[in-house]
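# Architecture and fold: a report
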Amino acid sequence: MNRNSTAVDVVVVGAGVAGLYAAHTLCRHGLTVQGFESAGGVGGTWYHNRYPGARCDVESVDYSFSFDDDLQQEWTWSERFATQPEILAYLEHVADRFDLRRHFRFSTRVVSAEFDEADSVWRIRTDDGEVTTGRYCIFATGCLSATNLPDIPGRDDFRGAAYHTGSWPHDAVEFTGKRVGVIGTGSSGMQSIPLIAEEADHLYVFQRTANYSIPAGNRPFDAEAMREIKATYAERRRLSRLSGGGSPFTPYPHGALEVTDEERTRVYDEWWNRGGVLFSKAFPDQLTDLDANNTARVYWENKIRQIVTDPELAETLIPDDHPIGTKRIVTDSGYFATFNRDNVTLVDLRRTPIDRINESGIATTAGQYDLDIIVYATGFDAMTGALSRIDIRGRGDRRLVDEWAAGPRTYLGLGVSGFPNMFLVNGPGSPGPLANMVLTSEQHLDWIVDCIEYVDERGAVTVEADPDAVDAWVAELNERASTTLFPSANSWYLGANIPGKPRVFMPFIGGFAAYGQILDEVAGAGYKGFALGGPDRKAL
Ligand code: FAD
Ligand code: NAP
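Quick caveat: nothing in here was measured; it's all calculated off a predicted structure.

### Quick look at the site of ligand 2
Taken together, 23 residues lie around ligand 2, and R55, T185, S188, R208 and T209 are the ones closest in. Contacts to ligand 2 include R55, whose backbone N or O atom sits 2.8 Å from a nitrogen atom. Taking K327, its side chain carries an N or O atom lying 3.5 Å from an oxygen atom of ligand 2. With 3 residues, helix α5 (residues 187–199) is the largest single contributor of residues to the shell around ligand 2. Broken down by class, the residue content of the shell around ligand 2 amounts to 9 nonpolar, 9 polar and 5 charged. Shared between two domains, the shell around ligand 2 holds at least three residues of each, these being domain 1 (7–146 + 382–533) and domain 2 (155–222 + 249–376).

In structure tokens form, the structure reads like this:
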């Protein structure tokens with residue numbers, strides 16, 4: 001039997017960017033909330049990812065809440081791309097400023113969520129044995145929160161220290177005088193490698209797949225720069241809402257193949273200097289036309305060959321397996337130059353794969369690397385991982401993991417057929433990870449709260465995605481993805497980083513603004529594609 005049972009309007013799982021805003025906006029709309037967070041505090045991604053060099057790749061002034069102008073005017077970012085401690089401090093400030101911590105129970109993991117059809121409520125069980133009942137349940141569990149620790153033979157035999165970038169310890173990790181191995185060269189690896197190299201006695205970078213990265217072009221803000229940004233914040237946000245990626249930038253108005261060589265180079269120079277991930281959007285056809293993409297790739301490769309002094313090493317660091325931008329381009333701070341250091345060795349796992357991990361380090365087919373520390377920068381079971389680790393059951397005891405065995409199936413990334421009154425934030429089928437996720441979190445939650453009000457005002461007790469609407473949305477996601485180069489990369493967008501995970505392109509690729517328009521149309525048409533159910537369990 002239930003040890004305890006609290007009843008609220010909405011249960012929110014997760015206290016990252018999305019969970020914090022959920023608690024704020026739900027309360028402002030007069031709804032009662034109980035939130036749960038497995039971590040010891042707020043912040044989500046920015047609580048867990050404390051590895052050296054962790055920082056955002058969307059500019060901080062954009063990667064911050066827009067719902068409160070006083071907040072954006074009063075908070076001052078110290079640099080273009082803030083580090084993890086500063087972003088966490090910001091989210092803690094937001095939690096305190098809007099008194100949000102009181103809504104959450106921390107260090108409390110949700111283990112199961114069951115829809116009770118008789119009472120039309122969700123029963124949420126936590127790892128302390130308690131059960132909370134909510135009319136609605138919002139999973140703000142994060143699309144990059146379930147860490148992927150690869151099952152390498154002998155992994156647990158290692159006698160040194162081992163850390164995953166996505167669950168980094170709170171106490172500083174001492175690399176000085178140590179032999180360190182980093183496995184993984186995605187964003188987390190590429191961000192941390194330059195800093196670890198500065199401290200370590202020797203750093204071995206275990207690279208399975210080379211990756212694209214562009215220097216951040218980071219710089220501190222002086223008072224004048226910040227004043228200017230604050231004076232034009234409203235316009236910045238307006239442009240962000242009209243954009244594909246949720247920040248105030250639009251691609252060059254002509255295709256990469258429509259311009260002269262000089263013009264193309266000028267545009268690439270400009271976007272290279274702008275820094276980071278945005279380079280994938282310099283030209284509008286870069287991610288849809290392989291010839292256009294190749295112009296970006298050739299430009300990028302020449303830059304890397306100028307930075308890395310050993311030509312053979314440069315070739316090993318240059319990807320040859322996917323078009324540039326079809327995995328998120330990393331935003332780095334000196335990554336490629338790090339390989340010019342004497343204390344850094346690149347281990348090419350394509351040529352010499354890992355055999356096993358043993359007591360003293362990593363054994364590849366080329367020999368043994370003795371290590372004091374192994375850093376797993378091996379990513380996440382993205383988009384579905386956090387949800388599949390909870391036993392979620394909808395109508396007729398249907399399990400979400402079974403429903404999604406062949407890949408996630410949602411309507412708008414927000415609702416799932418057979419799982420009434422359950423909403424996902426930044427879920428599969430939403431544009432979340434392809435855009436600025438602070439703004440996508442606000443976008444999704446504003447829509448969800450309006451939807452809840454609509455349902456409540458009509459005296460309905462359930463709202464549920466129609467199976468036909470789910471089918472149509474999944475078809476639309478696939479259709480849109482197939483017109484791009486994205487499906488050709490073995491990325492986490494496709495689940496390709498997790499052995500056995502179905503290969504399905506999970507995010508909505510049509511862009512932040514286009515998705516916002518669809519949400520408005522759906523709401524304007526009386527939540528088209530969702531069915532409302534009355535207290536007598538009849539359709540309204
Ligand atoms: P999260 O921040 O992941 O929060 C989810 C929370 O749910 C976590 O705290 C987790 O502990 C909790 N949780 C999960 N399951 C349970 C459970 N069963 N019970 C209780 N609690 C649970 N995006 C950008 O747009 N720009 C960036 O610059 C950017 N940088 C990033 C850098 C890193 C290192 C990483 C990993 C991701 C980055 N992202 C970035 C993506 C980032 O995840 C989002 O921007 C955003 O922080 C997600 O917020 P969220 O609240 O949706 O999820
Ligand atoms: P990731 O992009 O999935 O990279 C994981 C890396 O680990 C890849 O290089 C992968 O190689 C390697 N790997 C995984 N399993 C391995 C194994 N068994 N043996 C050897 N290598 C293995 O993960 P991430 O770097 O954590 O980034 C995930 C996402 O989080 C990013 O794309 C981004 O959206 C977000 N992020 C953003 C920032 C930022 O700049 N703000 C920072 C960190 C993360 P393969 O490619 O061969 O699989």
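### Here we look at the sheet that holds strand β16 (residues 373–376)
Across the sheet, 5 strands lie side by side as β7-β16-β8-β9-β12; this open sheet has parallel pairing. Of all the strands in the sheet, the pair left with one neighbour each is β7 (161–164) and β12 (344–348). Along the sheet, successive strands turn relative to each other by an average axial angle of 20 degrees, direction set aside. Looking at chain direction, strand β8 (residues 179–183) and β16 are connected through 4 bridges and run parallel. Following the sheet pairing, V180 is matched in β16 by I373.

### Focus on the pairing of strand β6 (residues 131–139)
Counting buried positions along β6 gives 8 out of 9 residues, so the element sits mostly inside the fold. Relative to β6, strand β5 (residues 121–126) runs antiparallel, the two sharing 4 bridges. Among the inter-strand pairings, W122 is bridged to a residue of β6, identified as G134. Turn length for the β5-β6 hairpin, with the two strands adjacent in sequence and antiparallel, is 4 residues, and the turn residue G129 shows positive phi of about 85 degrees. In terms of strand pairing, β6 meets strand β18 (residues 422–424) through 3 bridges, oriented parallel. Among the inter-strand pairings, C137 is bridged to a residue of β18, identified as M422.

Criteria and cut-off values
The written sequence of each chain sets the order in which its residues are numbered from 1. Whichever chain is written first becomes A and whichever ligand is written first becomes 1, with later ones labelled in order. Local features in this predicted model are restricted to residues of pLDDT 70 or higher, and side-chain atom pairs are both shown and tallied only at a pLDDT of 80 or more, whereas totals for entire chains, interfaces and linings draw on every residue. Side-chain numbers come from the whole structure's heavy atoms, not from hydrogens or water. Whether a residue is near a molecule or strand depends on its heavy atoms: it is near if one of them lies within 4 Å of it. We call two N or O atoms a polar contact when they sit within 3.5 Å, provided that within protein one can donate a hydrogen and the other can accept it, with sequence-adjacent residues counted only if both atoms are side-chain atoms. Counting from the N terminus, the helices are the DSSP runs of H or I reaching at least four residues and the strands are the DSSP runs of E reaching at least two. When residue character is reported, Ala, Val, Leu, Ile, Met, Phe, Trp, Tyr, Cys and Pro are called nonpolar, Asp, Glu, Lys and Arg charged, and the others, Gly included, polar. What fixes the domain bounds is an automatic or database domain assignment. In short, DSSP must find at least two bridges between two strands for them to pair. Orientation is described by lines fitted to C-alpha atoms, with helices fitted over the stretch in contact, and by angles between N-to-C directions that extend from 0 to 180 degrees. Residue burial is assigned from relative accessible area. The probe radius is 1.4 Å, only protein chains are included, and a residue is buried under 20% of its type maximum, exposed over 50%, and partly exposed in between.

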